[in-house]
Amino acid sequence: MEKTENMNRSARRSADRDGSRRPLDGVLLLDKPSGITSNAALQNVRRLFRAQKAGHTGTLDPMATGLLPVCLGEATKFAHLLLEADKTYVATVRLGVTTSTGDLEGEVTARREVQAKREDIEHALKAFVGEILQTPPMYSAIKRGGQPLYKLARAGGEVPRTPRSIVIHSLVLLGFEGDELKLFVSCSKGTYVRVLAEDLGRALSCGACLSGLRREGVGSFRLSPGAVTLEQLEQMAPAGRDALLLPQDALVSSLPRLDLDSRGALQLSHGQCVVNSEVQAVGLARIYGPCGIFLGVAEVMPPGRIVPRRLVSGAPAAPGSRPSIV
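A few words on empty space enclosed by the protein. Within this structure, the stated rule accounts for one cavity of 30 Å³ or more. Taken as a whole, the largest cavity encloses approximately 40 Å³ of empty space. Lining the largest cavity are Pro-256, Leu-258, Ala-281, Val-282, Gly-283, Leu-284, Ala-285 and Val-300. If you tally residues by element for the lining of the largest cavity, the top one is strand E16 (residues 283–288), at three residues. Tallied by class, residues from the lining of the largest cavity come to seven nonpolar, one polar and no charged.

Given below as structure tokens:
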């Protein structure tokens, strides 16, 4: 963990020394490598793109690999929407071993003989599908009194944690060889796959820990095709990297679309509510102005009130007629 934090700081210092940053908006689907933090991966992307601003959409543990959507510029304003999204993983679980962290990066705390057979595992997995309660691990970024739990854990401390409700949509045994099994996991936000592995080990009376994790999907985004590694980015010319970026509205593509004319777009960009009685939808929507210019996200409230929630920078053209919906 100390090594990954040093790499994180090094990447940050490297980015700070680069005075040629540029305004750049978009979303990169990164295939994060093992051995570095999500923030270190983010800073490397920011350096390669020379971007002024960057953020990611949900942390992966240093050991984990796979899909990490990185937002640049104005796209960072919508990163929170993916934090709420469902995730999919392929997880490798080592039976018979428990550790201090719930994965193989921690100290081994116990070893037990594994007697579980494939049918025992498949039966145990059924109990975890659906809405369940899960207790967050001590080695997590959850804060208690302003202090991340993992810092307390490193100091040998432990505090009570309140179980949280999560949803496991799908849990499929992909393979079982020796003392390791491979699982496909589709789950809601807030799920700790490390804890899922530990709970499965308890259900099988042999203990378990996570030995590998690869994130395959976040919301509507998938690792394949489209995700790129840091090594591939390093080898590309700047124009090739830029061509990989998805548009800044990619993170909100699942929301209903509303198009405003120039007058409505100008009102909205100034933080004003736009009223159109023809709008029947209710809830969040992605908003566009003339020529399909993305304006941001607004909330539609009855009766036809379009209330700005998070907008991109820049004002649309001069006002025209009554706001319309296309």
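What follows concerns the pattern of salt bridges. Opposite charge on two side chains permits pairing when their charged atoms draw close. With the rule as written, the count across this model stands at 11 salt bridges. A salt bridge links Lys-77 to Glu-74; the shortest N-O distance between them is 2.9 Å. Classification of Glu-74 by relative accessible area gives buried; the value is 15%.

It is worth spelling out unusual backbone geometry at this point. Note the cis peptide between Ser-224 and Pro-225, where omega equals -5 degrees. By the secondary structure assignment, Pro-225 is in the loop between strand E13 (221–222) and helix H7 (230–235). The peptide bond linking Pro-302 to Pro-303 adopts the cis configuration, its omega dihedral lying at 0 degrees. Residue position: Pro-303 is located in the loop between strand E17 (294–301) and strand E18 (305–311). Unlike most non-glycine residues, Ser-205 shows phi in positive territory, near 60 degrees. Looking at the element boundaries, Ser-205 is found in the loop between helix H6 (193–203) and strand E12 (208–218). Judged by relative accessible area, Ser-205 falls into the partly exposed class, the value being 48%. Phi is positive for Cys-291, close to 65 degrees, though the residue is something other than glycine. Mapped onto the elements, Cys-291 comes out in the loop between E16 and E17.

Each value, and the rule that gives it
Residues numbered from 1 in each chain as written. Predicted model: local features only at pLDDT ≥ 70, side-chain atom pairs only at ≥ 80, totals over all residues. Heavy atoms only, no water. 1 Å grid on protein atoms, 1.4 Å probe; cavity = no way out; pocket = protein on both sides within 12 Å on 5 of 7 lines; lining within 4 Å. Points joined across faces, edges and corners; volume = space filled by probe spheres on them. Helix = DSSP H or I, 4+ residues; strand = E, 2+ residues; numbered from the N terminus. Nonpolar A, V, L, I, M, F, W, Y, C, P; charged D, E, K, R; others polar. Salt bridge = Lys/Arg side-chain N within 4 Å of Asp/Glu carboxyl O. Buried < 20%, exposed > 50% of the residue type's maximum accessible area, 1.4 Å probe, protein only.

Geometric values such as these leave the question of function open.
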